[in-house]
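# Understanding the architecture of this molecule
For reference, the chains in residue letters:
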Amino acid sequence: HKVIIGQDQVIELLLAASPANRFVLRELALTELSRARALNMERRSSDAREAAMRATSVLDETLARSPNDVAARTVLADAYVALGEIESASGNTADARTDWERALATVDAAPLAARQTDPLAVRAAALLDLGRIDEARPPVAELTSRGYRRPSFVALARARGVSAAK
């Protein structure tokens, strides 16, 4: 947690200097998203959910001002994937499915980004989490061919029986 605390301090300074800077806001959201995933791994679902919701709140505001910000849209979609993971781990399968559907809708709202690696990975993860395996196979194959090797993604694909990076 020491690294995240350091990030918080830097982001606070940057936000004080430029509170509407979408790049700083995206970094804040990424920090909250990392915190949410770490807390979820520690089985602190309530704290994890709060951190993920802070990320979505920041990104909703960013996209309201800059709706074509593909990077912010991708992080928002990833935050919904994380929320789904948190809900699923807590046994809230209906809420998890809703979050994963929101992730798909969010990333699919930027069709020009569909071939970029990060949005494609978020889309594939949401499809895998939703159990839409046949739809997930092409993006997983594409990501594998690009050398995409994020361990959590590879583990998810393998857990769902979809070939991913070795």
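## A look at helix H7 (residues 133-145)
The terminal C-alpha atoms of H7 lie 18 Å apart, and with 13 residues this matches the ideal 18 Å at 1.5 Å per residue to within 8%. Those residues of H7 not exposed but buried are Ile133, Ala136, Pro139, Val140 and Leu143. Considering only its buried residues, H7 is in contact with helix H6 (117-129) and helix H8 (151-159). One or two steps after H7, the chain reaches Gly147, where phi turns positive at roughly 85°.

## Things to note about the nonpolar core
Counting 46 residues, the largest nonpolar core has Val81, Leu128, Val140, Leu143 and Phe153 as the members making the most contacts within it. Only helix H2 (22-41), helix H3 (45-65), helix H4 (70-89), helix H5 (93-108), H6, H7 and H8 provide two or more residues apiece to this core. When residues of this core are assigned to their parent elements, the largest contribution, 10 residues, is made by H4. Sequence-distant contacts of Leu143, that is, excluding residues within four places in its chain, are made with Thr117, Leu120, Ala121, Ala124, Tyr148 and Phe153.

Cut-offs used in this document
- Residues numbered from 1 in each chain as written.
- Predicted model: local features only at pLDDT ≥ 70, side-chain atom pairs only at ≥ 80, totals over all residues.
- Heavy atoms only, no water.
- Helix = DSSP H or I, 4+ residues; strand = E, 2+ residues; numbered from the N terminus.
- Expected span 1.5 Å × (residues − 1).
- Buried < 20%, exposed > 50% of the residue type's maximum accessible area, 1.4 Å probe, protein only.
- Contact = heavy atoms within 4.5 Å.
- Core = buried A, V, L, I, M, F, W, Y, C linked by side-chain atoms within 4.5 Å.

Nothing here speaks to function; it is all geometry.
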